[in-house]
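Residue strings, one per chain:
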Amino acid sequence: MEINKIENEVNLDNKMINNNDQTNFLETTLGKTINAGIDIGIRALLPDFIDEQIINIKDNLLNYGLKDGITKSIDDAIELGKSAIGIFTGNFENVSQMQSAIQAGGLLDGISSLLDTVVNKVNEKGIINYNIANTIKQGKNIILDSIENNIEQKFNEQNTEIENIEKYMNNWKENFNNKNFKGMEQEYSKIEKVLNNLAPLEKIITQARTIENLHNLIKNNGQDFNLNQEQLALAEKLI
């Protein structure tokens with residue numbers, strides 16, 4: 001593969017990291033996290049209910065506005081949070097900014113209001129009775145605490161994964177400098193695995209894609225480390 005093609009691919013990947021990518025990641029990741037937190041909270045509030053009853057209650061809440069409301073709450077929190085922490089244009093640079101924006105954007109307050117609205121709606125329609133609706137509303141803080149803990153854990157996991165991928169990338173570079181392709185393969189496999197579940201952050205993605213292109217270049221050249229000057233210039237971007 002020629003160096004200009006490699007650089008074009010890296011640049012293309014960079015352009016694909018935008019607000020939509022990060023918003024979609026947060027919608028998906030936080031959506032699942034909030035959903036799990038609601039599940040844990042309802043189970044704690046209704047300990048005598050069997051799984052089928054809990055699932056039925058939650059499904060009704062989701063079908064009558066909770067699902068779409070969670071997505072909107074996340075989007076609103078991102079928009080308000082970015083302004084609150086001074087990100088008026090551009091992307092999040094790290095996970096800490098994402099976490100700060102979500103907190104500053106009032107995500108939990110949005111979910112709190114959403115729960116009241118949806119529970120009232122399903123109660124008024126006779127889908128769940130007053131006692132269950134009242135129990136959920138009165139014990140809402142238990143649900144919110146569960147959601148908050150889950151969100152914090154998810155961001156902590158992301159920070160840990162970033163530490164891991166940075167370590168794997170540094171190990172790859174060391175093996176590259178030592179012309180140890182076997183070691184490169186081992187680290188490259190770890191990088192790929194972590195990257196699939198990582199928040200789309202430009203700095204990390206750029207380094208990972210550069211490593212990917214160099215790795216495949218050497219692999220396709222029969223593990224030949226005799227790179228030309230242009231190819232070496234690409235490698236120097238990792239140092």
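The paragraphs below set out a description of the structure included in this document. Bear in mind the structure is a predicted one, so any value in this text is a computation, not a measurement. Within every chain, residues take consecutive numbers counted from 1 along the sequence as written. Two thresholds apply to this predicted model, a pLDDT of at least 70 for residue-level local features and 80 or more for giving and counting side-chain atom pairs, whereas whole-chain, interface and lining totals are computed over all residues. The side-chain numbers reported here are obtained from all heavy atoms of the structure, hydrogens and water having been left aside.

### Some remarks on the overall build of the chain
Then step 1. Along its length, the chain carries ten helices and zero strands.
Then step 2. Only DSSP runs of H or I reaching four residues or more are called helices, and only runs of E reaching two or more are called strands; each is numbered from the N terminus. Along the chain direction, N to C, the helices and strands of the chain fall in the order α-α-α-α-α-α-α-α-α-α.
Then step 3. Burial classes: relative accessible area under 20% of the type maximum marks a residue as buried, over 50% as exposed, and values in between as partly exposed (1.4 Å probe, protein chains only). Residue burial in the chain is summarised as follows: out of 239 residues, 44% are buried.
Then step 4. Two residues form a contact once any of their heavy atoms are found within 4.5 Å. Sequence-distant contacts in the chain: of pairs separated by 6 or more residues, those separated by 24 or more amount to 74%.
Then step 5. Only carbon and sulfur atoms are counted for the fraction: they give 43% of the accessible area of the chain, which is about 13,100 Å². For the accessible areas, the method is Shrake-Rupley and the probe is 1.4 Å, while residue cover comes only from the protein chains on display.

### As for the side chain of Asn60
Then step 1. Within the secondary structure, Asn60 sits in helix H3 (residues 51-84).
Then step 2. A relative accessible area of 16% means that Asn60 is categorised as buried.
Then step 3. Nitrogen and oxygen atoms within 3.5 Å of one another constitute a polar contact, given that in protein one can donate a hydrogen and the other can accept it, and given that sequence-neighbouring residues count only through two side-chain atoms. Of note is the side chain of Asn60, whose polar atom sits 3.0 Å from the backbone oxygen of Asn56.
Then step 4. Sequence-distant contacts of Asn60, that is, excluding residues within four places in its chain, are made with Val122 and Ile127.

### Let's talk about helix H7 (residues 140-177)
Then step 1. Take the residue count of a helix, subtract one, and multiply by 1.5 Å to get its expected span. With 38 residues, H7 extends 56 Å between its outermost C-alpha atoms, agreeing within 8% with the 56 Å of an ideal straight helix rising 1.5 Å per residue.
Then step 2. Lys179 lies just past H7 and shows a positive phi near 55°.

### Quick word on the environment of Ala199
Then step 1. Inspection of the secondary structure assignment puts Ala199 in the loop between helix H8 (181-195) and helix H9 (202-220).
Then step 2. Taking the C-alpha atoms as reference, Ala199 lies 8.9 Å from Ile162; in sequence the two are 37 residues apart.
Then step 3. If we skip the residues at most four places from it in the chain, Ala199 touches Phe25, Met98 and Gln158.

### Side note on the nonpolar core
Then step 1. Membership of the largest hydrophobic core comes to 63 residues, with the highest contact counts inside it found for Leu26, Ile34, Leu66, Leu107 and Ile111.
Then step 2. Counting residues per element, the ones that place at least two in this core are helix H2 (19-45), H3, helix H4 (95-104), helix H5 (107-124), helix H6 (130-138), H7, H8 and H9.
Then step 3. In terms of residue count, the dominant contributor to this core is H7 (eleven residues).
Then step 4. When near neighbours in sequence (up to four residues on either side) are disregarded, Leu26 contacts Gly31, Ile74, Ile78, Phe92, Met98 and Phe155. Take the buried Ala, Val, Leu, Ile, Met, Phe, Trp, Tyr and Cys residues and link them wherever side-chain atoms come within 4.5 Å; each set so joined is a nonpolar core.

### A word on the pattern of salt bridges
Then step 1. Salt bridges are defined by distance alone: a side-chain nitrogen of Lys or Arg within 4 Å of a carboxyl oxygen of Asp or Glu. What the rule picks out here adds up to nine salt bridges.
Then step 2. The partner of Arg43 in a salt bridge is Asp39, and the shortest N-O contact between them spans 2.8 Å. Of this pair, Arg43 and Asp39 both sit in helix H2, separated by four residues, roughly a single helical turn.
Then step 3. Judged by relative accessible area, which is 30%, Arg43 ranks as partly exposed.
Then step 4. Look at Asp39 and you get buried, because its relative accessible area is 18%.
Then step 5. Residues participating in the shared-partner salt-bridge network are Asp39, Arg43, Asp51 and Lys58.

### So, H8
Then step 1. Between its terminal C-alpha atoms H8 stretches 20 Å, which fits the 21 Å expected from 15 residues at 1.5 Å a residue.
Then step 2. Looking at H8, one finds that the buried residues are Phe181, Gly183, Met184, Glu187, Tyr188, Ile191, Val194 and Leu195. The arc that holds the buried residues of H8, viewed along the axis, is 140°, so those residues lie on one side. Residues of H8 that are exposed and angled more than 90 degrees away from the buried face: Lys182 and Lys193.
Then step 3. Against H7 and H9 lie the buried residues of H8.
Then step 4. Near the N-terminus of H8, the side chain that reaches the backbone nitrogen of Lys182, with its oxygen 3.4 Å away, is that of Asn180. Arc definition: it is the arc formed by the directions from the helix axis to the C-beta atoms.

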